[in-house]
Amino acid sequence: MRIIAGKHRGRVLAQFQGLDVRPTPDRVKESLFQILSPRTYGARVLDLFCGSGALGLECLSRGAKEVAFNDISADSLAILKKNLAALKETGAISRLDYKACLMGVSGKFDLIFADPPYKESLAEEILSLVKKRGLLSADGLVIYESEREEKAAEGFEVRDVRSYGRTKITFFGEIKA
């Protein structure tokens, strides 16, 4: 796992050992950030199920203004902290359930990454909380990674869907009134 582009391009990240964790493969991350490239510079980002922090760190490398990292796993956050230190970067870090995180964060985000365990189907619930709390900026996106195509919650629409083998990336945006 490495940083694809930006000021930390090519830097290798610490990652999990074993089969319990499913990091976003570099080829998927590269395609994802080709799409998001114009949106990352100066962005405020929430990495809701951050794992090792690869998606949020990619955003920081590409000029994001701020990244909030969240994961329920202490092991994940230990690897994230190691990666932040290696890159000499900072970010707000929380160890909360995704619901508690969404209820506790404040302000608006330009990008919200949601990459829960594939066995979970949380897209509608996450989108509903994002809408309820007003967490998405006017042109912001929720980027949801799963094994299946996800449906939009009320007030959201699917802006794009990309498939990479068993991985599906769904881009949600709020419906403009």
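These remarks concern the structure in this document. (Residues numbered from 1 in each chain as written. Predicted model: local features only at pLDDT ≥ 70, side-chain atom pairs only at ≥ 80, totals over all residues. Heavy atoms only, no water.)

Take the overall build of the protein next. For the protein, the count of helices and strands is five helices and seven strands. Reading the protein from its N terminus to its C terminus gives the helix and strand order α-β-α-β-α-β-α-β-α-β-β-β. When the backbone C-alpha atoms are referred to their principal axes, the protein occupies close to 45 × 30 × 30 Å. Here the protein, with 177 residues, has 50% of them falling under the buried criterion. The contacts in the protein between residues at least 6 apart in sequence include a share of 63% that link residues at least 24 apart. For the protein, the computed accessible surface area is about 8600 Å², with 49% contributed by carbon and sulfur atoms. Separation of charge centres in the protein, based on 28 positive and 24 negative side chains, amounts to 4 Å. (Helix = DSSP H or I, 4+ residues; strand = E, 2+ residues; numbered from the N terminus. Buried < 20%, exposed > 50% of the residue type's maximum accessible area, 1.4 Å probe, protein only. Contact = heavy atoms within 4.5 Å. Areas by Shrake-Rupley, 256 points an atom, 1.4 Å probe, with all protein chains shown as cover. Lys, Arg positive; Asp, Glu negative; His and termini not counted. Charge placed at Lys NZ, Arg CZ, Asp CG, Glu CD.)

Turning to helix α3 (residues 74–87), a few remarks are in order. Since there are 3.6 residues in each turn of an α-helix, residues three or four apart along the chain are aligned in direction. Across its 14 residues, α3 extends 20 Å between first and last C-alpha, which sits within 8% of the 20 Å expected from 1.5 Å per residue. Within the span of α3, buried status applies to Ser-76, Leu-77, Ile-79, Leu-80, Asn-83, Leu-84 and Leu-87. For α3, the angular spread of the buried residues around the axis is 160 degrees, confining them to a single face. Of the exposed residues in α3, the ones pointing more than 90 degrees away from its buried face are Asp-75, Lys-82 and Ala-85. Looking at the buried positions of α3, the neighbouring elements they touch are α2 (54–61), β2 (66–70) and β3 (92–94). Residue Ser-73 occupies the N-cap position of α3, its side-chain oxygen lying 3.2 Å from the main-chain nitrogen of Asp-75. (Expected span 1.5 Å × (residues − 1). Arc of directions from axis to C-beta. Polar contact = N/O pair within 3.5 Å; in protein donor to acceptor, adjacent residues only side chain to side chain.)

Read from one edge of the open sheet, seven strands run β3-β2-β1-β4-β5-β7-β6, paired in mixed fashion. Across the chains shown, the open sheet's two edge strands, defined by having one partner strand only, are β3 and β6 (156–164). The average angle at which neighbouring strand axes cross in this sheet is 15 degrees, direction not considered. With three bridges connecting them, strand β1 (residues 44–47) and strand β4 (residues 109–114) associate as parallel partners. Across the sheet, the residue bridging to Leu-46 is Ile-112, located in β4. Sheet strands touched by α3: β2 and β3. Its angle to β3, the strand with the most contacts, is close to 165 degrees. (Pairing = 2+ DSSP bridges. Axes fitted to C-alpha atoms, helices over the stretch in contact; angles between N-to-C directions.)

So, about the nonpolar core. By size, the foremost hydrophobic cluster in this structure holds 29 residues, and its most contacted members are Leu-32, Leu-36, Phe-113 and Ile-143. Listing elements by their share of this core, those giving two or more residues are α1 (26–40), α2, β2, α3, β4, β5 (136–146) and β7 (167–174). The dominant element in this core, judged by the number of residues it contributes, is α2, at five residues. Apart from residues lying up to four places away in sequence, Phe-113 is in contact with Leu-32, Phe-33, Leu-36, Val-45, Leu-46, Asp-47, Leu-48, Phe-49, Leu-55, Cys-59 and Ile-143. Residues Leu-102, Val-105, Leu-127 and Leu-136 belong to the second largest nonpolar core, which totals 24 residues. (Core = buried A, V, L, I, M, F, W, Y, C linked by side-chain atoms within 4.5 Å.)

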